[in-house]
Amino acid sequence: MGYCSGGRQLPQWPLKPIPSMVLKAFFPTCCASADSGLLVGRWVPEQSSAVVLAVVHFPFIPIQVKELLAQVQQASRVGVAVLGTWCHRRQESEESLGHFLEGLGAIFSHEPWLQLCRERGSKFWSCKATHRQVPASLGAPGQDQVMLIFYDQRKVLLSQLHPPAALPDHQAGDATASAGGLAAVFDTVARSEVLFRSDQFDEGPVRLSHWQSEGVEASILVELAKQASGPICLLLACLLSLISAASTSRVFKLWPLSFIWSKLSTCEQLRHRLGQLTLIFSTQKAENPAQLMRKANMLVSVFLDVALGLALLSWLHGKDRIGQLADALVPVADHVAEELQHLLQWLMGAPAGLKMNRALDQVLGRFFLYHIHLWISYIHLMSPFIERILWHLGLSACLGLTVALSILSDIIALLTFHIYCFYVYGARLYCMKICGLSSLWRLFRGKKWNVLRQRVDSCSYDLDQLFIGTLLFTILVFLLPTTALYYLVFTLALNTICVQLRLLVVTVQGLIHLLVDLVNSLPLYSLGLRLCRPYRLAAGVKFRVLEHEAGRPLRLLMQINPLPYSRVVHTYRLPSCGCHPKHSWGSLCRKLFFGELIYPWRQRGDKQD
């Protein structure tokens, strides 16, 4: 009982013990059978976790252990320290070793001090975490509960933990805290690689047990490749820098060359490959694992591209396939020209019973027929040289399949240039009619388009302006069906052979561009890594209960959850070559309806939907 200052007696309550915390001890599975010694690792106070990295065995000198830890800490920037003791009782004579290990806490002071012990001839473990430095008012040193978590040190070292995907708001806080704790464990093991460079064959003063203690993993071929990669990368980097400097010279900035360099798919693909090769053979080391993975994906993509190109080259030059292709090209062009001529003759009559404007119909039909005649004359003029041209273009496949496909796309664009000209003529006429009709329709309503403010304003017109506007509106309305029919035939090409021509050209070029983008942007190395070694790309971890009995510490096994294939592609997707336009269905339909030109290349001011 106690007394207050006024003499009143106060009750005195008994002191309750301080509730103990649950500490998480991450222990490598490779050290489960190691001899007794000291636990070396990192203490993470934010997560109340101890990450064990290695076990120091007897005999050792404490000052040498401290020097080793100082060197590791200076090289890795990780606070490595002695966390406690490890006792593996294999024989009866080693039972007295536990008392000796408990006394090492006075030399290697750490709070809390871990004591892990594996019982002799049993699967049970004992884990304790004691606090030696506690206030005097709290009594005897405290003791915390320990949750023992086993992890595969090699897999954790080689893996890369990715941030979790977007979660709902009520789960975001828990996911962030969990990801932070796992990131601390993965980061500690990854940055402590310098500690794992010594094995049992080293003659150092300190003997350690870790995942490479039986022998450091190495390969003679890998070491030779590393030694030879330096001079090779330096030589190729100098060569690529010369090519890049030549490509940016003033000669290529002149108008015709600059237009061709920016519009042809082949030039864009060569520029894209040049940038990738410059990054691959750069002498600068990767700053982070993401940049290293990007370089590896680019290297595998280039190798696969060149291999597929060489396979295509061998196929083309075998059994005289280039000659067969050249012989079949001129008959196909003649057949397409005949079908176009039949189509135009059908349009110049009464197509589907429609009443067309005779004069405009004859002018447009003869104009398009003359273009077809010019195109056929050009093809027959080039026919003696087509086989030689195709033979030299086939050699470009040694630069890669994407370069050959880009050249094929440009050849298709050149061979079907007359169809694109028909489309441009029809689209321009149709667009002029639509713009004229919309302007005259605003005139009837007393409106006009304000160019400066980009809006429709009210306007008063006199009688002469209204009369002339009525005449022009009538003329454009009666001429619109003829122009619209030619525009629809050479743009949408419905129910005729030309309907399929323009769309067929666009479809073939779209498939070629899609295949080129697929080879350029697909992260093949990351996908192969996910298939063969899924632990290298970690999305998170899962825990499996090994032991959960009353009076025994909870033992868990940490296993790595691999990253899903969709997230692998989304995370490591490479930038593609953006030389061709990408339109959404909404913008494409809008441009087709209003007669706006759909260019076969990407315009500088285009907005991607």
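Residues numbered from 1 in each chain as written. Predicted model: local features only at pLDDT ≥ 70, side-chain atom pairs only at ≥ 80, totals over all residues. Heavy atoms only, no water.

(A) Quick look at the overall build of the protein. Scanning the protein from terminus to terminus reveals 18 helices and 15 strands. Expressed as a percentage of its 609 residues, the buried residues of the protein come to 37%. Contacts in the protein between residues far apart in sequence, at least 24 positions, make up 69% of those at least 6 positions apart. Of the roughly 35600 Å² that the protein leaves accessible, carbon and sulfur atoms contribute 63%. (Helix = DSSP H or I, 4+ residues; strand = E, 2+ residues; numbered from the N terminus. Buried < 20%, exposed > 50% of the residue type's maximum accessible area, 1.4 Å probe, protein only. Contact = heavy atoms within 4.5 Å. Areas by Shrake-Rupley, 256 points an atom, 1.4 Å probe, with all protein chains shown as cover.)

(B) Layout of the pairing of strand E14 (residues 537-547). Alignment of strand E10 (residues 160-161) against E14, held across two bridges, turns out to be parallel. Looking across to E14, one finds that Leu161 is bridged to Ala538. The pairing of E14 with strand E15 (residues 555-562) spans eight bridges and is classified as antiparallel. Within the sheet, the bridge partner assigned to Ala538 lies in E15 and is Pro562. (Pairing = 2+ DSSP bridges.)

(C) Seen up close, the packing of helix H7 (residues 265-280) against helix H12 (residues 401-415). Contact pair H7 / H12: the axes reach a minimum separation of 8 Å and the direction vectors enclose 160°. By the criterion of interaxial angle, the relationship of H7 to H12 is roughly antiparallel. Every pair of crossing elements has a handedness; the one defined by H7 and H12 is right-handed. Of H12, the residues touching H7 (which contributes Ser265, Thr266, Gln269, Leu270 and Arg273) are Thr402, Val403, Ser406, Ile407, Ser409 and Asp410. When the residues that make up the contact of H7 with H12 are grouped by side-chain class, the tally is three nonpolar, six polar and two charged. (Axes fitted to C-alpha atoms, helices over the stretch in contact; angles between N-to-C directions. Parallel < 35°, antiparallel > 145°, perpendicular 65-115°, else oblique. Left-handed = near helix turned anticlockwise from the far one by under 90°. Nonpolar A, V, L, I, M, F, W, Y, C, P; charged D, E, K, R; others polar.)

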